[in-house]
Amino acid sequence: MVSRSTPPSPKRPVGTVTRGTTNPNRLRRMDRWIAAAHGAALRRADAPVAVDLGYGAAPWTAVELLARLREAAPRVRVVGIEIEPARVAGAKPYEREGLSFRHGGFEVPLEGGERPALIRAANVLRQYDEEQVAEVWQRLCARLAPGGLLVEGTCDEIGRRHVWVALGPEGARTVTFATRLGSLERPSDLAERLPKALIHRNVPGEPVHAFLRDFDRAWAAAAPYASYGARQRWIRTARALAADWPLADGPVRWRQGELTVRWEALRPAG
């Protein structure tokens, strides 16, 4: 007798659909940092795969990620993963050598159980509760290849202001603040773009609040350097911060309008 049992349905992707807002060139600051910080690791990998997780309603960020990473690691492939099937279907015409799109979520489904050397999740966790972040981080970090990197953060609609956390398989490592210096009034303007793990912690008694307070003070003290341009003022500000905070970068990155702090210094209290 032939069995007429219904075959099991595929597992539902982990996560919820985001608004999908995206714009070309929105993630350029994050991409530039990834290429500088992780490019060597991508070049060393045998067949490096980078995931653009939750790329949104249009595939621009995945297309741009491939172009930018290949300048640092010519053999890298990019897989865009979206939880909304219609967005995956809309991205398929943009597939090319080294670029593909798949339906999925935080389980990061890759062919043959492949493990990515990079996962970039930008503007994905904003709609989640703070209490959910640690679990999502742990799930994504567990999918990384040895030596892999997870970059999770938030930016504004045109990419002028951006803050992200970099994590390895062991957990969070650093927090990077990046901005278009010409549009910055004070560093604490970046507070509205803190990732979900930190944005509700910008209150007295929390390390990130103390850091942004000191950031503003150092920026104000460096006002005389504004006559040499916003870049020189930012560099002077970073040098002053380095006396009290464990910065993880130096003048080469500061000149790009970036500043990276060790996660341990900003980790939420309690």
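In what follows, the structure referred to is the one given above.
Okay, so let's go over this structure. What you see as residue numbers is a count from 1 along each chain, following the sequence as written. It should be noted that, the model being predicted, local features are given only for residues of pLDDT at least 70 and side-chain atom pairs only at 80 or more, the latter also being counted only at that level, while totals for whole chains, interfaces and linings use all residues. Note: side-chain values were computed over all heavy atoms of the structure, leaving out hydrogens and water.

Re the pattern of salt bridges
Opposite charge on two side chains makes pairing possible when the charged atoms of those side chains draw close.
Stage number 1. By definition here, a salt bridge exists when the distance from a side-chain nitrogen of Lys or Arg to a carboxyl oxygen of Asp or Glu is within 4 Å. Applying the stated criterion across every chain yields a total of 23 salt bridges.
Stage number 2. Arg186 serves as the salt-bridge partner of Glu185, at 3.0 Å between the closest nitrogen and oxygen.
Stage number 3. With a closest N to O distance of 2.9 Å, Glu258 and Arg253 form a salt bridge. Note on accessibility: Glu258 and Arg253 belong to one class, buried.
Stage number 4. One network of salt bridges, in which partners are shared, links Glu157, Arg161, Glu185, Arg186, Asp189, Glu192 and Arg193. Exposed residues in this analysis have more than 50% of their type's maximum accessible area, buried residues have under 20%, and partly exposed residues fall in between, with area computed by a 1.4 Å probe over protein chains only.

Let's talk about the packing of aromatic side chains
Stage number 1. Pairing of aromatic rings covers Phe, Tyr and Trp, the last through its six-membered ring, and needs centres within 6.5 Å; plane angles under 30 degrees mean stacked, over 60 mean edge-to-face, and all others mean tilted. In the structure shown here, the tally under the stated rule is 12 aromatic pairs.
Stage number 2. When the ring of Phe211 is compared with that of Phe215, the centres are 5.4 Å apart and the planes differ by 55°; the resulting orientation is tilted. With Phe211 and Phe215 both in helix 6 (residues 207–221) and four residues apart, the pair spans about one turn of that helix.
Stage number 3. Taken together, the ring pairs in this structure connect Phe177, Phe211, Phe215, Trp219, Trp234 and Trp245 into an aromatic cluster. To qualify as a helix, a DSSP run of H or I must reach at least 4 residues; to qualify as a strand, a run of E must reach at least 2; elements of each kind are numbered from the N terminus.

Here we look at empty space enclosed by the protein
Stage number 1. Think of a 1 Å grid over just the protein atoms. A cavity is a set of points where a 1.4 Å probe fits yet cannot get out, a pocket is an open set with protein on both sides within 12 Å along at least five of seven lines, and lining residues have an atom within 4 Å of a point. Grid points are joined across faces, edges and corners, and a volume is the space filled by probe spheres set on the points. This structure, assessed with the given rule, holds one cavity of 30 Å³ or more.
Stage number 2. Of the voids in this model, the largest cavity is the one considered here, and its volume is about 110 Å³.
Stage number 3. Along its surface, the largest cavity is lined by 14 residues, and Thr16, Gly54, Ile83, Gly105 and Val124 are the ones closest to its centre.

As for helix 6
Stage number 1. By definition here, a helix of n residues has an expected span of 1.5 Å times n minus one. The end-to-end C-alpha distance of helix 6 is 21 Å, a good match for the 21 Å that 15 residues give at a rise of 1.5 Å each.
Stage number 2. Three or more residues of helix 6 are buried, namely Val208, Ala210, Phe211, Leu212, Asp214, Phe215, Asp216, Ala218 and Trp219.
Stage number 3. Next to the buried residues of helix 6 lie strand 7 (171–179), helix 5 (196–199), helix 7 (230–241), strand 8 (258–262) and helix 9 (263–266). In what follows, a contact means two residues having at least one pair of non-hydrogen atoms within 4.5 Å.

Looking at the side chain of Glu82
Stage number 1. Here Glu82 shows up in strand 2 (residues 77–82).
Stage number 2. Judged by its relative accessible area of 1%, Glu82 falls in the buried class.
Stage number 3. If sequence neighbours within four positions are ignored, Glu82 has contacts with Thr18, Gly54, Tyr55, Gly56, Arg87, Val88, Arg102, His103 and Gly104.

As for helix 2 (residues 60–72)
Stage number 1. Look at helix 2: 19 Å from first C-alpha to last across 13 residues, which is about the 18 Å you get at 1.5 Å a residue.
Stage number 2. For helix 2, every residue scored as buried is listed here: Thr61, Ala62, Val63, Glu64, Leu65, Leu66, Leu69 and Ala72.
Stage number 3. Check the buried side of helix 2 and you find it contacts helix 1 (28–44), strand 1 (49–53), strand 2, strand 3 (99–103) and strand 4 (118–122).

Focus: the sheet that holds strand 3
Sheets are built from strands that pair by backbone hydrogen bonding, the pairs being arranged parallel or antiparallel.
Stage number 1. Here eight strands make up an open sheet; going across it, the order is 3-2-1-4-5-6-7-8 and the pairing mixed. Taken across any chain shown, the strands that pair with only one partner, and hence form the sheet edges, are strand 3 and strand 8. Averaged over all neighbouring strand pairs, the angle between strand axes comes to 20°, with direction disregarded.
Stage number 2. Any two strands between which DSSP finds at least two bridges are classified as paired. Where strand 1 lies against strand 2, five bridges are found, and the strand directions are parallel. Each residue of the ladder has a partner; that of Val49, found in strand 2, is Arg77.
Stage number 3. Relative to the sheet, helix 2 contacts strand 1, strand 2, strand 3 and strand 4, its axis offset from that of strand 1 by approximately 150°. Interaxial angle, 0 to 180 degrees, is taken between N-to-C directions of lines fitted to C-alpha atoms, where a helix line uses only the stretch in contact.

Side note on the packing of helix 6 against helix 7
Stage number 1. Helix 7 packs onto helix 6 with a crossing angle of 130° between their chain directions and a minimal axis gap of 8 Å. Here helix 7 runs oblique to helix 6, going by the angle between their axes. Helix-helix and strand crossings are classified by hand; for helix 6 and helix 7 the assignment is right-handed. Between helix 6 and helix 7, the contacting residues are Phe211, Asp214, Phe215, Ala218, Trp219 and Ala220 on the first element and Ala230, Arg233, Trp234, Thr237, Ala240 and Leu241 on the second.
Stage number 2. Looking at the contact of helix 6 with helix 7 residue by residue, the classes come out as nine nonpolar, one polar and two charged. Angle categories are assigned with fixed cut-offs, so that under 35 degrees is roughly parallel, over 145 is roughly antiparallel, 65 to 115 is roughly perpendicular, and the rest are oblique. Left-handed describes a crossing whose near helix is turned anticlockwise from the far helix through less than a right angle; right-handed describes the clockwise counterpart. For this classification, Asp, Glu, Lys and Arg are treated as charged, while Ala, Val, Leu, Ile, Met, Phe, Trp, Tyr, Cys and Pro are nonpolar and the rest, including Gly, are polar.

What about the layout of surface pockets?
Rolled over the atoms, a probe sized like a water molecule indicates the empty space that remains.
Stage number 1. Computed from the structure, the largest pocket encloses a volume of approximately 330 Å³.
Stage number 2. Along its surface, the largest pocket is lined by 23 residues, and Arg19, Thr21, Arg26, Asn123 and Val124 are the ones closest to its centre.
Stage number 3. Volume-wise, the second largest pocket comes out at about 280 Å³.
Stage number 4. Lining the second largest pocket are 14 residues, and of these Val133, Ala134, Trp137, Ala197 and Trp263 sit closest to its centre.
Stage number 5. When residues of the lining of the second largest pocket are traced back to their parent elements, those giving at least two are helix 4 (130–143) and strand 7.
Stage number 6. Element by element, the count of residues in the lining of the second largest pocket is highest for helix 4, at seven residues.

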